[in-house]
Structure formats: structure tokens, C-alpha cells
Amino acid sequence: MAESLELPVIDLSSPDRISTANSIRQACIEYGFFYLINHGVEEQLLQNVFDQSRKFFSLSLEEKMKLSLKEYRGFSPIYAENLDSSTSSKGDLKETFHIGPLEGHESHVNQWPSKEMLPSWRLIMEEYYQKVLSVGKRLSSLIAMALNLEDDFFEKIGALDKPFGFLRLLHYPGEMGASDEVIYGASAHSDYGMITLLETDAVPGLQVCREKLKQPRIWEDVDHVKGAFIINLGDMMERWTNCLFRSTLHRVMPIGKERYSMAFFLDPNPDCMVECLKSCCNDSSPPLFPPIRSGDYLRERISAAYSS
Ligand SMILES: O=C(O)CCC(=O)C(=O)O
Ligand SMILES: [Fe+2]
């Protein structure tokens, strides 16, 4: 078993926003991961989402495949996604369901299980989507402050006027597989977007590697903290900040136990240009990445993960 990592804890309800933003800055520079507490999403709603998720994933494969992934929305079966094809040839041992924006951005292409089969599904998922999106927006204003920017910076540059949020339900079935090759629940990856808000059912498995360029890689466990979101930054935040803020490598180990989690990826409006912030570069440290349209970047990364 790996060592557990003691991640910083950020209190979203703290009235002292300047001190919270300073703590976030420290956490984003050192870890790219932190716990978020007092975020206001009720425990009961989280339980309801997990219950509905369990119900969906326990349907027959045939039933689930009726909602198979289209335009990044819907069901994706075990092994369909491979987050790191350099370590695993088979794909990841997880099944997922994706729900895209509820408004604009082709919201009509979202897919929903039938009311006969799962009567409360859509209502509960929509309620959770709205609440986690609103937490993500509050958090991004603190992240802007952590970068010494106005708190509405990400709205002003068109990243969050129409955010591109994806709710991803995950189910790791728990069997280990008999092959010699390790089949990861989720193989090593960094997230693509801006911020990820993760909730797990407390079953362990999530690990992070703080130094992605160092070999051999050192992996540390991220423990579950009841009632907290696990927050991590994605690659677009790394691009904006010229690697000042980290998009940290993480993975989910197979531990022989069934596991459920849900990740909310708060990504910028696809039309938003992501380019190095002025405050994060100068003559001696020029931008490490060229400007890129958020939608193009996401499309490229997602296709790579589903290509094998
Ligand atoms: O299930 C987890 O704990 C992590 C999932 C994850 O990293 C992802 O979906 O990007
Ligand atoms: Fe991830």
C-alpha cells in the first residue's frame, strides 16, 4: 500500500475570501489537489446520486448500450476508455455515464434512462449537476483571486459565461482480472479542463503522483474525507498559469473491491481561447504552450483516450 497524502483542506464557506484564496494558491502550486469542505451540497443529495448510479450500472449491458456514448454523452462500457495506452493495452476497468450541459451546447443530445426503468434518475442528476456547477463557479472565482486576478476573471474572458460542464458517473466493478498485466481502474492521467470536483463512495484506490516528470513515479493514496469534494486542476489551468498551478497525474488502482465515484469536469466554453496569463510569464519565463481554443483541445484529448 502507498503512503497517504495529507492534502490541504479549503473551507468554501469561510467569510475571509482573501485568506481562502491564499490557501488555494498554496495548494494549487504544491499539489494541484485539495479537499473542499462546507460546499453546501447536501449529504442526502450525494447519497441519492450514488443510489441512482448503482441502479443504472446494475442494468443489463444490453439495456445500458441503448444509451451508448454519442457526442460525449451517455454510457461507455468497461475497457472502452484508455487514459494511458503506454501502460495498458486493454483499456481501463471501469464503466461510465456522461451528462453534458443542461442548457445550450447541444443540451438536447444528453441521454436519459427511461422513466419506466429509473423514474427519479433525470431529476436527481439534474439537481446534482446544477449544484456542483454552482460550487465549481464559486471555486473558480477564488482561484482567480488566488492568481491575483479579479474574482470574475473567468467569466470576463468567456470561459464560464457558458461553461462546458460534464458530470461523469463511474463504476469500477472490482474484479482484478487474471492476466499478468495490471488492469487499472483508471490508468495514469491528468484531467483536461479547468477544475474537477470529485466525490467517491469511500472505497480507496485513488492515487496521485506529484512529480510527473520524475522516474520512477511515486504514487500516494488520496484518502476519502467524508462530506468533502476532492478538487483537482486540469491541464487547461496549467496552460493558463504556465505550470505555476499543477495539473497532477492521478490514477485509480484495482483493489478487488467494487467502487463508485462521480467526477464533475468544469471546462471552459469551447470557444474560449486558453492562453498564458500575463502575470504568469515574462522574458525569462516565456509561455510554455501556444494559445488554444478550449473546444479543440478537449476534442483532441478525448479522442486520444477512446482511440484504441
Ligand atoms: O474515480 C476516481 O476516483 C477518479 C476518476 C478520475 O480521475 C476521472 O474520471 O478523471
Ligand atoms: Fe481524472
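Structure: see above.
Residues numbered from 1 in each chain as written. Chains lettered and ligands numbered in written order. Predicted model: local features only at pLDDT ≥ 70, side-chain atom pairs only at ≥ 80, totals over all residues. Heavy atoms only, no water.

Let us look at the pairing of strand 7 (residues 195-200). Most of strand 7 is tucked away: six of the six residues are buried. Going residue by residue along strand 7, you find Ile195, Leu197 and Glu199 tucked away on one face and Thr196, Leu198 and Thr200 tucked away on the opposite face as well. Pairing of strand 7 with strand 10 (residues 229-233), which is carried by four bridges, proceeds in the antiparallel orientation. Among the inter-strand pairings, Leu198 is bridged to a residue of strand 10, identified as Ile230. (Buried < 20%, exposed > 50% of the residue type's maximum accessible area, 1.4 Å probe, protein only. Helix = DSSP H or I, 4+ residues; strand = E, 2+ residues; numbered from the N terminus. Pairing = 2+ DSSP bridges.)

We now examine the environment of Trp219. Within the fold, Trp219 resides in the loop between strand 8 (206-209) and strand 9 (220-221). Exposure remark for Trp219: the relative accessible area of 14% places this residue in the buried category. Those residues in contact with Trp219, other than ones at most four positions away along the chain, are Ala2, Ala188, Gln207, Val208, Cys209, Leu249, His250 and Arg251. (Contact = heavy atoms within 4.5 Å.)

So, on to unusual backbone geometry. Most peptide bonds take the trans configuration, and most residues that are not glycine carry a negative phi. Omega for the bond connecting Gln215 with Pro216 falls within 30 degrees of zero, at -10°, which places this linkage in the cis form. By the secondary structure assignment, Pro216 is in the loop between strand 8 and strand 9. Phi is positive for Tyr72, which is not a glycine, with a value near 70°. Looking at the secondary structure, you find Tyr72 in the loop between helix 3 (61-65) and strand 3 (74-76). The phi dihedral of Tyr79 is positive, around 70°, even though this residue is not glycine. Structurally, Tyr79 can be placed in the loop between strand 3 and strand 4 (95-99). For Tyr79, a relative accessible area of 29% puts it in the partly exposed group.

Another point: the pattern of salt bridges. Summed over all chains, the structure comprises 16 salt bridges. A salt bridge links Lys131 to Glu127; its shortest N-O distance comes to 3.0 Å. Note that Lys131 and Glu127 are positioned in helix 4 (residues 121-146) at a spacing of four residues, about one turn of the helix. Here the residues in one salt-bridge network are Glu42, Glu127 and Lys131, joined through shared partners. (Salt bridge = Lys/Arg side-chain N within 4 Å of Asp/Glu carboxyl O.)

By themselves, these observations are geometric and do not establish any function.
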